[in-house]
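The lines below spell out each chain.
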Amino acid sequence: MPYVMVQIPNTPAPTKSPVPRPVPTSADVARLAGVSRATVSYVLNNTSAVRISEPTRRRVHEAAKELGYVPHAAARTLRAGHSRMVLMPALPVPAGPLYSQFVHDFQGALSRLDYTVVQYGASGLPADDAARAWAELRPVAVVMPGPGLGPAGVAVLKRSGARAVVTLGSERVEGAHALLLDQIGVGRSAAGHLYERGRRRIGVVVPEERGMEMFAAPRLGGSREAVHGTDATVTELPLAYTEEAAAALAARWRGLGLDAVFAYNDEYAMLLMRALQDEGLRVPEDVAVIGADDLMLGRLLRPRLSTVRIALPSGRDLAELVDRTVRNPVATPEVHELFGATVVNRDST
């Protein structure tokens with residue numbers, strides 16, 4: 001009977017999955033650094049009431065880094081009675097370069113004050129209803145850009161432990177600190193500039209994108225205010241932010257009989273100006289164009305884009321307002337009116 005040689009593969013024995021390392025605790029940090037747990041807490045929580053030598057602080061930080069120890073936010077909140085989280089609801093519309101830079105500066109300034117900024121995505125709920133969802137996170141402060149939050153929402157946030165509620169909008173809200181941004185003034189400045197340049201049939205772009213009306217409506221209203229009682233007219237121009245929509249508007253421009261346009265902001269102005277030029281219209285000879293925000297790209301266009309420069313609050317000033325209010329939550333709400341709409345006249349008007 002023939003024999004067949006069969007080679008049996010040398011299969012290694014299954015290895016056990018590695019045992020997960022235990023989560024490091026403050027006691028582990030204390031042992032490695034050779035200090036007490038209380039000292040670890042004082043150092044990592046930046047407690048100013050207790051003096052800790054710099055070498056000890058350095059030892060604690062090095063031990064925490066080596067172990068991968070991160071303080072427990074919830075435990076810290078229970079001890080302090082509040083968190084170090086500043087919640088900033090996201091705008092319901094795409095943020096432009098000007099606003100993005102402001103948020104970046106604000107986050108950096110708060111980080112230097114030992115706060116953490118959390119941007120909360122839009123949930124589709126009105127701000128007063130969304131305030132309950134924000135309150136679940138127990139932020140120490142809420143900075144609300146744009147309208148929507150009312151006194152009821154402010155009260156919900158404060159009952160949940162928020163020490164500071166700050167709104168950035170055109171109107172103040174009872175119980176909240178307010179930074180008033182004059183969107184009406186932006187429209188008034190733009191249309192007033194066009195009128196002074198001799199333009200009498202002014203179009204005003206109103207973006208069709210959902211949510212933009214909270215900025216576009218007051219800018220349109222301000223434009224109408226600027227020419228009220230004069231021989232000039234203002235025509236509302238709905239426009240989506242697409243090349244196709246801009247080309248379609250430019251194609252019927254001559255029939256509209258307009259000699260100027262406030263294009264809502266620099267991005268819409270650049271979009272529309274290119275479409276008008278493609279249609280054979282000269283800027284500014286046939287159509288004067290002005291935007292808003294004073295973006296760098298507007299200065300690189302030919303002709304260079306006239307604009308309304310808007311002075312947003314500095315990130316550092318807003319961070320200091322938040323910190324000041326967290327330290328003294330019973331202080332009377334502050335109201336700061338920001339008068340920052342300044343026309344920058346360039347070649348397009």
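Notes on the structure follow.

Cut-off values and rules
Residues numbered from 1 in each chain as written. Predicted model: local features only at pLDDT ≥ 70, side-chain atom pairs only at ≥ 80, totals over all residues. Heavy atoms only, no water. Pairing = 2+ DSSP bridges. Helix = DSSP H or I, 4+ residues; strand = E, 2+ residues; numbered from the N terminus. Axes fitted to C-alpha atoms, helices over the stretch in contact; angles between N-to-C directions. Contact = heavy atoms within 4.5 Å. Patch = residues over 30% accessible without salt bridge, like charges linked within 9 Å, V, L, I, M, F, W, Y side chains within 5 Å. Areas by Shrake-Rupley, 256 points an atom, 1.4 Å probe, with all protein chains shown as cover. Salt bridge = Lys/Arg side-chain N within 4 Å of Asp/Glu carboxyl O. Lys, Arg positive; Asp, Glu negative; His and termini not counted. Charge placed at Lys NZ, Arg CZ, Asp CG, Glu CD. Parallel < 35°, antiparallel > 145°, perpendicular 65-115°, else oblique. Left-handed = near helix turned anticlockwise from the far one by under 90°. Core = buried A, V, L, I, M, F, W, Y, C linked by side-chain atoms within 4.5 Å. Buried < 20%, exposed > 50% of the residue type's maximum accessible area, 1.4 Å probe, protein only. Expected span 1.5 Å × (residues − 1). Arc of directions from axis to C-beta. Phe/Tyr/Trp six-rings, centres within 6.5 Å; stacked < 30°, edge-to-face > 60°.

A short note on the sheet that holds strand β1 (residues 85-89)
Within the open sheet, the 6 strands sit side by side as β2-β1-β3-β4-β5-β11. Their pairing is parallel. Lying at the two open borders of the sheet, with one neighbouring strand each, are β2 (116-120) and β11 (335-338). The average undirected angle you get between the axes of adjacent strands in this sheet is 15°. Sheet topology note: the strand β5 (residues 177-181)/β11 ladder contains 4 bridges and is parallel. Note on β11: the bridge partner recorded for leucine 179 is histidine 336. Sheet contacts for helix α5 (residues 97-112): β1, β2, β3 (141-145) and β4 (164-169); angle to β1, the most-contacted strand, approximately 170°. Sheet contacts for helix α14 (residues 315-327): β1, β3, β4 and β5; angle to β4, the most-contacted strand, approximately 150°.

Let's talk about the side chain of serine 223
By the element assignment, serine 223 lies in helix α9 (residues 213-227). The residues touching serine 223, leaving out its near neighbours within four places in the chain, are Gly187, Arg188, Ala191, Val204, Val234 and Phe262.

Re a negative patch on the surface
Residues Glu243, Glu244, Asp278 and Glu279 make up a contiguous surface patch of negative charge. Within the secondary structure layout, glutamate 244 lies in helix α10 (residues 243-251).

Description of the packing of helix α8 (residues 183-196) against α9
Look at α8 against α9: their axes get within 6 Å of each other, and the N-to-C directions meet at 40°. Classified by the angle between their axes, α8 and α9 sit oblique to one another. α9 is crossed by α8, and the crossing has right-handed handedness. Every residue of α9 that contacts α8 at Gln183, Ile184, Val186, Gly187, Arg188, Ala191, Gly192 and Tyr195 is listed here: Phe215, Pro218, Arg219, Gly222, Ser223, Glu225, Ala226 and Val227.

Details of the nonpolar core
Ranked by size, the top nonpolar core spans 73 residues in total, and within it Val86, Phe106, Val143, Trp253, Val289, Leu318 and Val322 carry the most contacts. Leave out the neighbours within four places in its chain, and valine 86 touches Phe106, Leu110, Tyr115, Thr116, Val117, Val118, Val140, Ala141, Val143 and Val322.

Description of α5
Between its first and last C-alpha, α5 extends 23 Å over 16 residues, near the 22 Å set by a 1.5 Å rise per residue. Within α5, burial applies to Tyr99, Phe102, Val103, Phe106, Ala109 and Leu110. Projection of α5 onto a plane perpendicular to its axis shows the buried side chains occupying an angular sector of 130°, all on one side. The exposed residues of α5 that point more than 90 degrees off its buried face are His104 and Arg112. Contacts made by the buried residues of α5 are with β1, β2, β3, β4 and α14. Count one or two residues on from α5 and you reach aspartate 114, which has phi positive near 70°.

So, the sheet that holds strand β9 (residues 288-290)
The pairing of strands in a sheet comes from backbone hydrogen bonds and takes either a parallel or an antiparallel form. Spatially, the 4 strands line up as an open sheet ordered β7-β6-β8-β9, and their pairing is parallel. Of all the strands in the sheet, the pair left with one neighbour each is β7 (233-239) and β9. Strand-to-strand twist in this sheet, taken as the mean axis angle between neighbours without regard to direction, amounts to 25°. Those strands touched by α8 are β6 (201-207), β8 (260-262) and β9, and its axis lies near 165° from that of β8.

Digging into a nonpolar patch on the surface
Taken together, Met296, Leu297 and Leu300 make up a surface patch of nonpolar side chains, about 330 Å² in accessible area. Inspection of the secondary structure puts leucine 297 in helix α13 (residues 296-300). Residue classification places leucine 297 among the exposed residues on the basis of a relative accessible area of 54%.

Focus on the packing of aromatic side chains
Evaluation of the coordinates by the stated rule reveals 3 aromatic pairs. Geometrically, the ring pair formed by phenylalanine 102 and phenylalanine 106 is stacked, given 6.3 Å between the ring centres and 10° between the ring planes. In this pair, phenylalanine 102 and phenylalanine 106 are both assigned in helix α5, 4 residues apart and thus about one turn of the helix distant. Judged by relative accessible area, phenylalanine 106 falls into the buried class, the value being 0%.

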